[in-house]
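# An overview of the molecular structure
Here is what each chain is made of, one letter per residue.
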Amino acid sequence: LRGSVDTDANPGTPAGCDVPEDDPRKVELDIGHLRVTLPEGEEKLPKAHGHVAGRAPLPVLNRLPGMPDLAGWVKLDANLRYSPARRLPDGDGTLQVHGIRVEQFAFAEDISSKFSIHDDVVTSPETIVKIAEGEAHIENVRVEPFTEGIPLFANVHVKKSNFLALMRDLGV
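Residues numbered from 1 in each chain as written. Predicted model: local features only at pLDDT ≥ 70, side-chain atom pairs only at ≥ 80, totals over all residues. Heavy atoms only, no water.

### Let's talk about the overall build of the protein chain
Each helix and strand counted, the protein chain has 1 helix and 9 strands in total. The linear arrangement of helices and strands in the protein chain, starting from the amino end, is β-β-β-β-β-β-β-β-β-α. Within the protein chain, residue pairs in contact and separated by at least 24 positions form 39% of the contacts whose partners lie at least 6 positions apart. For the protein chain, the computed accessible surface area is about 11,200 Å², with 58% contributed by carbon and sulfur atoms. The average position of the 19 basic charges and that of the 27 acidic charges among the side chains of the protein chain differ by 2 Å. (Helix = DSSP H or I, 4+ residues; strand = E, 2+ residues; numbered from the N terminus. Contact = heavy atoms within 4.5 Å. Areas by Shrake-Rupley, 256 points an atom, 1.4 Å probe, with all protein chains shown as cover. Lys, Arg positive; Asp, Glu negative; His and termini not counted. Charge placed at Lys NZ, Arg CZ, Asp CG, Glu CD.)

Structure below.
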């Protein structure tokens, strides 16, 4: 599936389906090798596994009441396995985020991450964040989102970032 999302609530502003790669309204969804097993016994949800690749613009969320003004897009490419026995699907993949902004706060130009999710624990051997005219390399990330206190472990190395650029990007 390829197309675009009209992120502008004003009438007459759709972009059409054929938009360039750098258009933030671009939408993509590819699902491959999908296998779904219907619930058995007391299970209420099916099991599923397959490959998912997708890209979506964040501003589409601006249409929801109470949402802050968002900009940028997110792209996921992953092999995932869902089981009702877990809160999160297990799998491995990559995540990219471009031009992320919430209200006046520009958090990063680009985020690129390799990740794994196993037994409801999220890990990332490497995440690169382009921020404040430099880069932050975040390694050995481990997040336990369903453990009390949400433990987070990571090694962070920042290269060539500019404090004034950071303050500008964060709207300070």
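Further notes follow.
### A few points about the pairing of strand 6 (residues 105-118)
With 11 bridges joining them, strand 5 (residues 90-102) and strand 6 adopt antiparallel strand pairing. From the neighbouring strand, Asp92 faces strand 6, where its bridge partner is Ser116. Between the end of strand 5 and the start of strand 6, which pair antiparallel, lie 2 residues, with Glu103 showing a positive phi angle near 55°. Linkage of strand 6 to strand 7 (residues 121-131), two consecutive antiparallel strands, is achieved through a turn of 2 residues, within which Asp119 is found at a positive phi near 55°. (Pairing = 2+ DSSP bridges.)

### Here we look at the packing of aromatic side chains
Throughout the structure, instances matching the rule amount to 0 aromatic pairs. Geometry around Trp73 places Arg55 over its ring, the cationic atom sitting 4.0 Å from the centre. (Phe/Tyr/Trp six-rings, centres within 6.5 Å; stacked < 30°, edge-to-face > 60°. Lys NZ or Arg CZ within 6 Å of the ring centre and 35° of its normal.)

### Some details on the pattern of salt bridges
Throughout the structure, instances matching the rule amount to 13 salt bridges. Linking Asp23 and Arg25 is a salt bridge whose minimum nitrogen-to-oxygen distance equals 2.8 Å. What makes Asp23 buried here is its relative accessible area of 10%. Residue classification places Arg25 among the partly exposed positions, given a relative accessible area of 25%. Its salt-bridge partner being Glu126, residue Lys114 comes within 3.9 Å of it at the nearest N-O pair. Of this pair, Lys114 sits in strand 6 while Glu126 sits in strand 7, placing them 12 residues apart in sequence. (Salt bridge = Lys/Arg side-chain N within 4 Å of Asp/Glu carboxyl O. Buried < 20%, exposed > 50% of the residue type's maximum accessible area, 1.4 Å probe, protein only.)

### Here we look at unusual backbone geometry
The phi dihedral of Asp119 falls on the positive side, at around 55°, and the residue is not glycine. If you trace the backbone, Asp119 turns up in the loop between strand 6 and strand 7. Judged by relative accessible area, which is 48%, Asp119 ranks as partly exposed.

### Side note on a nonpolar patch on the surface
On the surface, Leu1, Leu29, Ile31, Leu34, Val36 and Leu38 cluster together to form a nonpolar patch covering roughly 620 Å² of accessible area. Examined against the element boundaries, Val36 turns out to sit in strand 2 (residues 26-37). (Patch = residues over 30% accessible without salt bridge, like charges linked within 9 Å, V, L, I, M, F, W, Y side chains within 5 Å.)

### Remarks on the environment of Met67
Inspection of the secondary structure assignment puts Met67 in the loop between strand 3 (47-57) and strand 4 (70-82). Residue classification places Met67 among the partly exposed residues on the basis of a relative accessible area of 34%. Each C-alpha atom, one on Met67 and one on Val97, is 19 Å from the other, the two residues being 30 residues apart in sequence. Sequence-distant contacts of Met67, defined by excluding residues within four places in its chain, comprise Leu61 and Asn62.

### Here's the deal with the sheet that holds strand 4
Sheets are built from strands that pair by backbone hydrogen bonding, the pairs being arranged parallel or antiparallel. If you trace the 9 strands from one edge of the open sheet to the other, you get 1-2-3-4-5-6-7-8-9, paired in antiparallel fashion. Each edge of the sheet is formed by a strand with only one pairing partner; in this case those strands are strand 1 (2-4) and strand 9 (152-159). Strand-to-strand, the axes of this sheet are offset by a mean angle of 15°, without reference to chain direction. With 11 bridges connecting them, strand 4 and strand 5 associate as antiparallel partners. When the bridges of strand 5 are listed, Trp73 appears paired with His98. (Axes fitted to C-alpha atoms, helices over the stretch in contact; angles between N-to-C directions.)

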